[in-house]
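Topology and contacts: notes
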There are 2 protein chains.
Amino acid sequence: MACPVDEFDLIARHFDWPARHPEVSLAVGDDAALLDPPPGTRLAVSTDMLIAGRHFPLDTAPEAIAHRALAVNLSDLAAMGASPLGFTLSLGLPQTDADWLARFASQLRTGAERWGCDLIGGDTVGSPVLTLSVTVIGSLPAGKALTRGGARAGDRLAVTGHIGDAALGLALALGEESLPVLSPSAAAYLRERLDYPEPRLATGRALLPHASAALDCSDGLLQDIGHLLASSDLAAEIDIDAIPVSPAAAEWLEARPADWTRLVTGGDDYELIVALPPEVEIDPVWGLTVIGRLVDGPTGEIRDRQARTLPQRRGYTHFPASPSVDKGEDVNG
Amino acid sequence: MACPVDEFDLIARHFDWPARHPEVSLAVGDDAALLDPPPGTRLAVSTDMLIAGRHFPLDTAPEAIAHRALAVNLSDLAAMGASPLGFTLSLGLPQTDADWLARFASQLRTGAERWGCDLIGGDTVGSPVLTLSVTVIGSLPAGKALTRGGARAGDRLAVTGHIGDAALGLALALGEESLPVLSPSAAAYLRERLDYPEPRLATGRALLPHASAALDCSDGLLQDIGHLLASSDLAAEIDIDAIPVSPAAAEWLEARPADWTRLVTGGDDYELIVALPPEVEIDPVWGLTVIGRLVDGPTGEIRDRQARTLPQRRGYTHFPASPSVDKGEDVNG
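1. Regarding the interface of chain A and chain B
It is common to report an interface's size as the accessible area lost on association of the parts. Chain A puts 59 residues into the contact, and the matching count from chain B is 59 residues. For the side of chain A that touches chain B, the secondary-structure elements that each account for two or more residues are α1 (7–14), β2 (33–35), β3 (41–51), α2 (62–80), β4 (83–93), β5 (118–126), β6 (131–141) and β8 (213–217) of chain A. By residue number, the principal contributor to the side of chain A that touches chain B is β3 of chain A, which donates 9 residues. Its residues assigned to classes, the side of chain A that touches chain B shows 30 nonpolar, 17 polar and 12 charged.

Structure (structure tokens):
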């Protein structure tokens, strides 16, 4: 039921839970939050904006929206090797639906507590379209961080988890025509992976002393590898067959083998892409799969070891030059 | 001319200027920015979302939008007594107009350099309506800040600058019917005050050792005084005649004396409201005018010294309970 309420009541009712980090001296409720980081703390700051109908389908559940808004930002902290500290949320609401807000805020709190990231501020405004902007602040030991630019020729290229599930889940969510018929459990799994991405915080932290470069995979595997290559001034040789896929995605590929291009160009997986120097021994708990290696060559070039032709379009473009884009480009991270 | 471009080109072209603060170790271009604050630094964090047609008229110049997006956030830092360090910008764009972006980015850089606030990150996405979300980070000496809750009975209540110009400027911008006829210079001044609010950073910093409480005036003078009273558990006695108005606003009031209610309930002035203990001697360089004092009484009550009836509605409501609101409520800070 739509239920117009006063903004200040709204904030007080739904977004006022206690902060847990001792560094957060003052959270929601004043002109600004106050943080007192211990000496020697390096802070990592990242921001992402999500818009209904562009970054998630219009009928997405409020729980999934709340989860996503925090998860995609925390994924950026994971990619730096940082630990979450706090976040701000700007929320543009087309209407104030008390039930929607309660569900959204409850899931946001669940995520905040699970990932250890305190809500430290926000703004709620009226908007013609549901819009969320989250800024996360994380902490790192002084002088440390996993940037995109530290990789060297000879490093292995590896990814966490499985690649491509979210792109397939999106195709299902949008009801694309002539999709392969999947088992109900596989279809549900792919939708779940789209709606509830998991920031790889523990792996990012564990890799901080070991990886030479990292970023998260939000715009498409090939495109994001391209960002790492551009920052590190390298090329890459990858093995398409080595890219880890989930059993659900494998079921899809069995029906439609040519769809491997969807998996390597679709966004929203929020897995980590990391470069590992040759001397680093990979710990199984990191959950990594090696998919290739970095080489000297034309900066940004990616070639397949078996010389397969890779898709020209490597991933999501936010402002496509052509209006005839496929639906998958309406979603990014 | 609308000119669709690639997001990464767009960022590189318009939003990649060097950071100046030594604390900013890594600004735009990786998964997250990196800050290395000196030991003993307290950080203040605030965020605001602005939506075209709600927080500024649709035909507002890109320069005014860029100025406003940064200024209204910096006003929150000013109200804490903090010094700007860096900011993130999330930008939802209905189209990518190269000329618009160039003008917007140029003014943003002007503001960033003038106020000493480095752009440390951002996100640009497609959106059906122009949407901006800025998060600012400022610094304070350890243990210090001007909060809303420190005022005591007997403190003087004071404001910076002039109150109400932005509300009158908005009425002009929206072309409200039957407004008073003003001199061209007065009309231009009021529009300028709406479009180019000035964060009171120097005054905020100067008041840090002296004021007992502060906040900025963004939702309407009476409403924002109410926030201070609620946080400090006090009432206030004010003198409407003491509220400082600009010569342009005075010209308006001469034609329409009853419009004093607009001035005390209109938002967007971004002046500071401060509480000053009796022993503090007011330095003229702070630019303050005393408008009343804080008293014990029903929390949040505001009464006029001459017992004039104050407006029921004290300021802007983001989600009004009634659809029959006046146009002024579409704008807030």
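2. Let's talk about the relation of the copies chain A and chain B
At an RMSD of 0.0 Å, chain A and chain B line up after a rotation of 180° and a shift of 0.0 Å along the axis. Taken together, the turn and the small shift mark the pair as related by a two-fold rotation axis. When C-alpha positions in chain A are compared against the rotation axis, the closest is assigned to P39 of chain A, at 2.3 Å. Comparing interface residues between copies, 100% of those in chain A also lie at the interface in chain B; the contact surface is shared.

3. Quick word on the packing of helix α2 (residues 62–80) of chain B against helix α3 (residues 98–115) of chain B
Residue and element names in this part refer to chain B. With their axes 7 Å apart at the nearest point, α2 and α3 run at an angle of 35° to one another. Every pair of crossing elements has a handedness; the one defined by α2 and α3 is right-handed. Here P62, E63, I65, A66, H67, L70, A71 and L74 of α2 lie close against α3, whose contacting residues are W100, R103, F104, Q107, L108, G111, A112 and W115. Of the residues belonging to the contact of α2 with α3, the class tally is 11 nonpolar, 3 polar and 2 charged.

4. As for the domain arrangement of chain A
Residues and elements named next belong to chain A. One can read the domain layout of chain A as domain 1 (7–141) and domain 2 (156–316 + 323–330). For domain 1 and domain 2, the distance between their C-alpha centres works out to 26 Å. Each partner contributes to the interface: domain 1 provides 18 residues, whereas domain 2 provides 20 residues. Looking at the side of domain 1 that touches domain 2, the elements that each hand over two or more residues are α2 and β4. Here the side of domain 1 that touches domain 2 gets 11 residues from one element, more than from any other, and that element is α2. Among the residues forming the side of domain 1 that touches domain 2, the class breakdown is 10 nonpolar, 5 polar and 3 charged.

5. Points about α2 of chain B
Residue and element names in this part refer to chain B. Compared with an ideal rise of 1.5 Å per residue, which puts 19 residues at 27 Å, α2 spans 28 Å between its outermost C-alpha atoms and is within 8% of the ideal. When you tally the buried positions in α2, you get 17 out of 19 residues, the bulk of the element. Following α2 by one or two positions, G81 adopts a phi angle in the positive range, close to 80°.

6. A short note on the pairing of β5 of chain A
In terms of residue burial, β5 of chain A counts as a mostly covered element, since 9 of its 9 residues are buried. Of the crossover connections in this fold, the one passing from β4 of chain A over helix α3 (residues 98–115) of chain A to the parallel β5 of chain A is right-handed.

7. Here we look at the environment of G300 of chain A
Residue and element names in this part refer to chain A. Position of G300 among the secondary structure elements: in the loop between β11 (288–295) and β12 (302–304). Residue G300 is classed as partly exposed on the basis of its C-beta count, with 18 C-beta atoms lying within 10 Å. Each C-alpha atom of the pair G300 and A235 lies 5.2 Å from the other, and the pair is 65 residues apart in sequence. Not counting chain neighbours up to four residues away, the residues in contact with G300 comprise G226, L229 and A230.

8. Some details on the sheet that holds strand β1 (residues 24–26) of chain A
Strand pairing in a sheet takes place through backbone hydrogen bonds and is either antiparallel or parallel in direction. Strand order in the open sheet formed by 6 strands is β1(A)-β2(A)-β3(B)-β6(B)-β4(B)-β5(B), and the pairing between neighbours is mixed. With one partner strand each, in any of the chains shown, β1 of chain A together with β5 (118–126) of chain B form the two edges of the open sheet. Within the sheet, the average angular offset between the axes of one strand and its neighbour, ignoring direction, is 20°. Here β1 of chain A pairs with β2 of chain A via 2 bridges, running antiparallel. Within the sheet, the bridge partner assigned to V24 of chain A lies in β2 of chain A and is L35 of chain A.

9. Some details on the sheet that holds β5 of chain A
Ordered by their spatial adjacency, 6 strands build an open sheet running β5(A)-β4(A)-β6(A)-β3(A)-β2(B)-β1(B), and the pairing between neighbours is mixed. Bordering the open sheet on either side are β5 of chain A together with β1 (24–26) of chain B, each of which pairs with just one other strand. Pairwise comparison of adjacent strand axes, ignoring direction, gives a mean angle of 20° for this sheet. Where β3 of chain A and strand β2 (residues 33–35) of chain B come together, 3 bridges link them in antiparallel fashion. Its bridge partner lying in β2 of chain B, L43 of chain A is registered against L35 of chain B. Across the sheet, α2 of chain A touches β3, β4 and β6 of chain A, and the angle it forms with β6 of chain A is around 30°.

10. With respect to helix α7 (residues 221–232) of chain A
Residue and element names in this part refer to chain A. In a regular helix each residue adds 1.5 Å, so 12 residues correspond to 16 Å; α7 covers 17 Å between its end C-alpha atoms and thus fits that length. Judged by how many residues are buried, α7 sits mostly within the fold: 10 of 12 residues are covered. For α7, the set of buried residues is L221, L222, Q223, D224, I225, G226, H227, L228, L229 and S232. Against β7 (156–160), β8, β9 (235–238), α9 (260–265), β10 (271–276) and β12 lie the buried residues of α7. Of the residues flanking the end of α7, it is D233, one or two places downstream, whose phi is positive at about 60°.

11. Structural notes on the packing of helix α4 (residues 165–173) of chain B against helix α5 (residues 184–195) of chain B
The description of two packed helices rests on the angle between their axes and on the distance between the axes. Residues and elements named next belong to chain B. At their nearest, the axes of α4 and α5 sit 7 Å apart, and the two run at 105° to each other. On the basis of their axis angle, the class for α4 and α5 is roughly perpendicular. From α4, D165, A166, L168, G169, L170, L172 and A173 reach across to α5, where they touch A187, L190, R191, R193 and L194. Residue composition of the contact of α4 with α5, grouped by class: 8 nonpolar, 1 polar and 3 charged.

12. Brief notes about the pairing of β9 of chain A
Residue and element names in this part refer to chain A. Of the two faces of β9, the one holding A236 and I238 is buried and the one holding A235 and E237 is not buried anywhere. By the bridge criterion, 4 bridges tie β9 to β11 in an arrangement that is antiparallel. By the bridge assignment, E237 is partnered in β11 with R293. Pairing of β9 with β12, which is carried by 3 bridges, proceeds in the parallel orientation. Residue pairing in the sheet places E237 in a bridge with R303 of β12.

The rules behind these values
Within every chain, residues take consecutive numbers counted from 1 along the sequence as written. A letter from A marks each chain and a number from 1 marks each ligand, given out in the order of writing. Local features in this predicted model are restricted to residues whose pLDDT is 70 or higher, and side-chain atom pairs enter the listing and the counts only when it is 80 or higher, whereas totals over whole chains, interfaces and linings include all residues. Once C-beta atoms have been placed from the backbone, residue pairs whose C-beta atoms lie within 7 Å are recorded as contacts. Only runs of H or I of at least four residues qualify as helices and only runs of E of at least two qualify as strands under DSSP, and these elements are numbered from the N terminus. Three classes are used: nonpolar for Ala, Val, Leu, Ile, Met, Phe, Trp, Tyr, Cys and Pro, charged for Asp, Glu, Lys and Arg, and polar for all others, with Gly counted as polar. In this comparison the copies share one frame, found by least squares on the C-alpha atoms of residues holding pLDDT of at least 70 in both. Structural elements are reduced to axes, namely lines fitted to C-alpha atoms, with helices fitted over the stretch in contact, and the angle between N-to-C directions of any two is expressed from 0 to 180 degrees. A crossing counts as left-handed when the near helix is turned anticlockwise from the far one by less than a right angle, and as right-handed when that turn is clockwise. For the domains described, the bounds stem from an automatic or database domain assignment. Expected helix span is computed as 1.5 Å times (number of residues minus one). For the exposure call, what matters is how many other C-beta atoms sit within 10 Å of a residue's own: 20 or more marks it buried, 12 or fewer exposed, and in between partly exposed, using C-beta atoms placed from the backbone. When the strands point away from the viewer and the connection leading from the first strand across the helix to the second strand turns clockwise, the crossover is called right-handed. Strands pair, by our definition, only if DSSP identifies at least two bridges between them. By the definition adopted for this analysis, an angle is roughly parallel if under 35 degrees, roughly antiparallel if over 145, roughly perpendicular if from 65 to 115, and oblique otherwise.

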